[in-house]
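# Overview (structure and organization)
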Amino acid sequence: EAEEQKAAGAAAQAIPEDQQQQQEERGQPVPLCPPPRSRSYRPPQDLQSRLESHVREVLGPSLTGDWRQAALGDKRLKHRLLGRLAVELGHAVPNSRLHLMRQAGDLLEFYSAPVKDETKFDELAAAELPPNLRIVWKQ
C-alpha cells in the first residue's frame, strides 16, 4: 500500500491535477512518467550537401574557400547554425560537446556518426551466444 501511495503521489506531480481528474473520469490510465524518448539517429544520404547549404546560408559572404574550414567563432552564428541543423536533422549537439564544434568540418564529423538507442545489455541479449551462456533481461 505504501508503494501504491508513492506511485500515486508521483503521478500527481507529473501531471497537473485537473488533467489527471479528466483522465480518471474517462477511464484512461494515468501514466506515472512520460515514455522514454528515442535517441537513435541515422545520418541522411545527402548530409554533406545539407550541411554545406546551411553553413553557406548562415555564414554568408564571410565564407571563403572550403566550407569545412569555416570557423564557428561567432557565438550567435554558431547558435543559429546548430539550431537549424538540430531541427532539420532531428539530432542536436549535446552541451558537453558544444565546445568541440570549432569548424564546420567538426559538425560534419558529428552528424556523420549514427547513434543507436540500445544499451550493452540489449546488444548482448540480441547477439548469438554460446549455448552455455544465457542472458535474462527483464524490464
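See above for the structure.
Residues numbered from 1 in each chain as written. Predicted model: local features only at pLDDT ≥ 70, side-chain atom pairs only at ≥ 80, totals over all residues. Heavy atoms only, no water.

### With respect to the pattern of salt bridges
- Counted by the stated rule, this structure contains 6 salt bridges.
- Here Glu57 ties to Arg84 by a salt bridge, and the two come within 2.5 Å at their closest N and O atoms. Taken as a pair, Glu57 in helix α3 (residues 47–59) and Arg84 in helix α4 (residues 75–89) lie far apart in primary sequence, 27 residues in all.
- Look at Glu57 and you get exposed, because its relative accessible area is 54%.
- For Arg76, the salt bridge goes to Asp74, with nearest N and O atoms at 4.0 Å. (Salt bridge = Lys/Arg side-chain N within 4 Å of Asp/Glu carboxyl O. Helix = DSSP H or I, 4+ residues; strand = E, 2+ residues; numbered from the N terminus. Buried < 20%, exposed > 50% of the residue type's maximum accessible area, 1.4 Å probe, protein only.)

### Considerations on the side chain of His54
- Inspection of the secondary structure assignment puts His54 in helix α3.
- Residues contacting His54, with those up to four places away along its chain left out, are Leu81, Arg84, Leu85 and Glu88. (Contact = heavy atoms within 4.5 Å.)

### Examining α3
- An ideal rise of 1.5 Å per residue puts 18 Å on 13 residues; α3 measures up with 18 Å between its terminal C-alpha atoms.
- Against the buried residues of α3 lie α4 and α5 (104–112).
- Downstream of α3 by one or two residues, Gly60 has phi in the positive range, about 60°. (Expected span 1.5 Å × (residues − 1).)

### Focus: the nonpolar core
- In this structure, Leu51, Val55, Leu107 and Tyr111 are the most contacted members of the largest nonpolar core, which totals 21 residues.
- Sorting the residues of this core by element identifies α3, α4 and α5 as the ones contributing at least two each.
- Filtering out sequence-adjacent residues up to four positions away, Leu51 remains in contact with Trp67, Leu85, Leu107, Leu108 and Tyr111. (Core = buried A, V, L, I, M, F, W, Y, C linked by side-chain atoms within 4.5 Å.)

### Some details on the side chain of Lys78
- Here Lys78 lies in helix α4.
- At 7.9 Å, Asp106 is the nearest oppositely charged side chain to Lys78, a buried residue that forms no salt bridge. (Lys, Arg positive; Asp, Glu negative; His and termini not counted.)

### Here we look at the environment of Val136
- Examined against the element boundaries, Val136 turns out to sit in the segment after α6 (120–126).
- Of the residues examined, Val136 reaches a relative accessible area of 54% and is grouped as exposed.
- Along the primary structure Val136 and Phe121 are separated by 15 residues, whereas in three dimensions their C-alpha atoms are 9.4 Å apart.

### A short note on the packing of aromatic side chains
- With the rule as written, the count across this model stands at 2 aromatic pairs.
- Ring centres of Tyr41 and Tyr111 lie 6.2 Å apart, and the angle between their planes is 70°; on these two criteria the pair is classed as edge-to-face. Separated by 70 residues along the polypeptide, Tyr41 in the loop between α2 (17–26) and α3 and Tyr111 in helix α5 bring together distant segments of the chain.
- For Tyr41, a relative accessible area of 7% puts it in the buried group.
- Judged by relative accessible area, which is 0%, Tyr111 ranks as buried. (Phe/Tyr/Trp six-rings, centres within 6.5 Å; stacked < 30°, edge-to-face > 60°.)

Interpretation note: all reported values are geometric properties and have no functional meaning in isolation.
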